[in-house]
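Observations on chain architecture
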Amino acid sequence: MKNKKNKSCLTTIPVFIATFLIAFSANVLAENKPEPIKVGVMLPFSGVYAGLGESIRNGLKLALQEKGNKASGREIQLVEVDTEAKPARASELTLGLVNNDKSDFVIGPVHSGVAMGMINTIRNKDSIMIIPNAGANAATGAFCQPNVFRTSFSSWQTAYPMGKEAVDMGYKKIVTLSWNYGFGKESLAAFEESFVAAGGEVVKKILVPFPKTEFQSYLTQIASIKPDAVFVFFAGGGAVKFVKDYATMGLKGNIPLLGSGFLTEGTTTAQGKAAEGILTTLHYADTIDNPKNKKFRADYSAKFNKSADLFAVQGYDAGQLIIQAVEALKGNTEDKAALIEKMEQLEIDSPRGKFSFSKAHNPIQTIYLRKVVNGQNTVVKESVTNLEDPARGCKL
Ligand code: PHB
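The structure reproduced in this document is the subject of the present report.

Analysis parameters
Residues numbered from 1 in each chain as written. Predicted model: local features only at pLDDT ≥ 70, side-chain atom pairs only at ≥ 80, totals over all residues. Heavy atoms only, no water. Axes fitted to C-alpha atoms, helices over the stretch in contact; angles between N-to-C directions. Helix = DSSP H or I, 4+ residues; strand = E, 2+ residues; numbered from the N terminus. Left-handed = near helix turned anticlockwise from the far one by under 90°. Contact = heavy atoms within 4.5 Å. Nonpolar A, V, L, I, M, F, W, Y, C, P; charged D, E, K, R; others polar. Near = heavy atom within 4 Å. Polar contact = N/O pair within 3.5 Å; in protein donor to acceptor, adjacent residues only side chain to side chain. Buried < 20%, exposed > 50% of the residue type's maximum accessible area, 1.4 Å probe, protein only. Phe/Tyr/Trp six-rings, centres within 6.5 Å; stacked < 30°, edge-to-face > 60°. Lys NZ or Arg CZ within 6 Å of the ring centre and 35° of its normal. Salt bridge = Lys/Arg side-chain N within 4 Å of Asp/Glu carboxyl O.

Contact pair helix 2 (residues 50–66) / helix 11 (residues 310–328): the axes reach a minimum separation of 6 Å and the direction vectors enclose 40°. The hand of the helix 2/helix 11 crossing is right-handed. The residues of helix 11 that touch helix 2, namely those facing Leu52, Ser55, Ile56, Gly59, Leu60, Leu62, Ala63, Leu64 and Glu66, are Phe311, Ala312, Gly315, Tyr316, Gly319, Gln320 and Ile323. A per-class count over the contact of helix 2 with helix 11 returns 10 nonpolar, 5 polar and 1 charged.

Have a look at this one:
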């Protein structure tokens, strides 16, 4: 009996020590493990822009995965929230990501109205916002902020070049049409700016409530006006419906349809034949001939089982921007001013071609004239090389 007791005592002590040592070293390891980098992701995962949100998230994930989900040894943690493309929710969701989740970066949104709410909330805060889509001119114009960057475009950049292209194609009288909210109105204004300067006339401007997709009555009006061409902004599910309705109502082939590139971006499979031949301007095209784009498109299709689009490129570049900046600072994200200064200096090797940031933190980038051929947005030519947004009202 006595012996048995001693024996069990002898075995218990080493087990106890071993357990203690394991727990101790796990603690030491945990203490040495660097803090993760927190990235809030505010995108529409439901509603008319859900497809855009998904592409941006996929592109972001691809960029992070290429680097093993780490920058300078720090794990990158994503916290995702659905904006539903509703401006009214922007402030509350941003505050949650900044104050509760302590995000170093907040990536978002798609919708310009949501972007303005986010910027108002994030100014003077310790998080850096990276806009992977929303084009509101003011984001890198009158409302520009040191801690707000954009990897996408301004409204002006994507529509301005088409005005001159339209006149060069011989179109003098045009009807313009878009959803009635910030980005749409700014796109029409930018188109009109260069179109009128080149001698064109906008004979009618039509604004459709967002996110309405009943277009028949507007198309009937256009058919009776018989302009030389039509210029529009629609995107996502709205773009699919508009392009199909345009063909169904017999306008395709009779009145040329032009747009900023969102009209045929990520939508051509659903639009089918109705999209063929549509000309648009944008800072990306499927057929851009550089090794980065080819690899990006191949990797994206392999991972997500569908074709990449511009939205995926913008998400991918937001990921690249974070990784490059954090790595350049050897993982130190505490000093936000140093982080911002580093981001300002970076050149991003994007599938769209290399770009750097303007003083207002918007990409300086080439805008392409594109044509839909066999479901692909193909490059017709460079419409404007290295176009910089005028950043009207920005004091940075
Ligand atoms: C915007 O609201 O800024 C916006 C939305 C969808 C697009 C482009 C811009 O495709």
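After presenting the structure, the write-up continues.
The full set close to the ligand counts 15 residues, and Val110, Ser112, Gly135, Tyr181 and Ala235 are the nearest of them. In the model, an oxygen atom of the ligand is placed 2.6 Å from a nitrogen or oxygen of the serine 112 side chain. Within the backbone of glycine 135, a nitrogen or oxygen atom sits 2.9 Å from an oxygen atom of the ligand.

Quick look at the environment of asparagine 377 now. With respect to the helices, strands and loops of the structure, asparagine 377 is situated in strand 15 (residues 376–387). Classification of asparagine 377 as buried rests on a relative accessible area of 2%. Residues asparagine 377 and lysine 102, 275 residues apart in the sequence, show an inter-C-alpha distance of 39 Å. In contact with asparagine 377, other than residues within four places in its own chain, are Thr264, Glu265, Thr268, Ala285, Asp286, Thr287, Arg370, Lys371 and Val372.

Further remarks concern unusual backbone geometry. Note on backbone geometry: most residues besides glycine have negative phi, and most peptide bonds are trans. Residue proline 109 follows glycine 108 across a cis peptide bond; omega there is -5°. With omega at 0°, the peptide bond leading from phenylalanine 210 into proline 211 counts as cis. In the Ramachandran plot, asparagine 124 falls in the positive-phi region, its phi being about 65° despite a non-glycine side chain. Tracing the sequence through the fold places asparagine 124 in the loop between helix 4 (112–122) and strand 5 (128–131). Even without a glycine there, the phi angle at asparagine 305 is positive, about 60°. Topologically, asparagine 305 is positioned in the loop between helix 10 (291–304) and helix 11.

Here we come to the packing of aromatic side chains. According to the stated counting rule, one finds 24 aromatic pairs in the structure shown. Taken together, a centroid distance of 5.6 Å and an interplanar angle of 80° make the contact between phenylalanine 183 and phenylalanine 262 edge-to-face. Here phenylalanine 262 lies in the loop between strand 10 (257–260) and helix 9 (268–271) and phenylalanine 183 lies in helix 6 (residues 182–197), a separation of 79 residues in the sequence. Take phenylalanine 183 and phenylalanine 262: they sit in the same class, and that class is buried. Aromatic pair phenylalanine 233 and phenylalanine 262: ring centres 6.0 Å apart, planes at 80°, arrangement edge-to-face. You can see phenylalanine 233 sitting in strand 9 (residues 229–233) and its partner phenylalanine 262 sitting in the loop between strand 10 and helix 9, a full 29 residues away along the chain. A single burial state applies to phenylalanine 233 and to phenylalanine 262, both of which are buried. The ring of phenylalanine 45 carries arginine 57 above its face, with NZ or CZ at 4.2 Å from the centroid.

A full pass over the atoms with the stated rule returns 17 salt bridges. For glutamate 201, the salt bridge identified is with lysine 173, shortest N-O distance 2.8 Å. Taken as a pair, glutamate 201 in strand 8 (residues 201–208) and lysine 173 in strand 7 (residues 173–179) lie far apart in primary sequence, 28 residues in all. By relative accessible area, which is 42% here, lysine 173 ends up partly exposed. Note that arginine 392 is salt-bridged to glutamate 193, the shortest N-O span being 3.1 Å. Here arginine 392, found in the segment after strand 15, pairs with glutamate 193, found in helix 6; they are 199 residues apart in sequence, far enough to count as distant.

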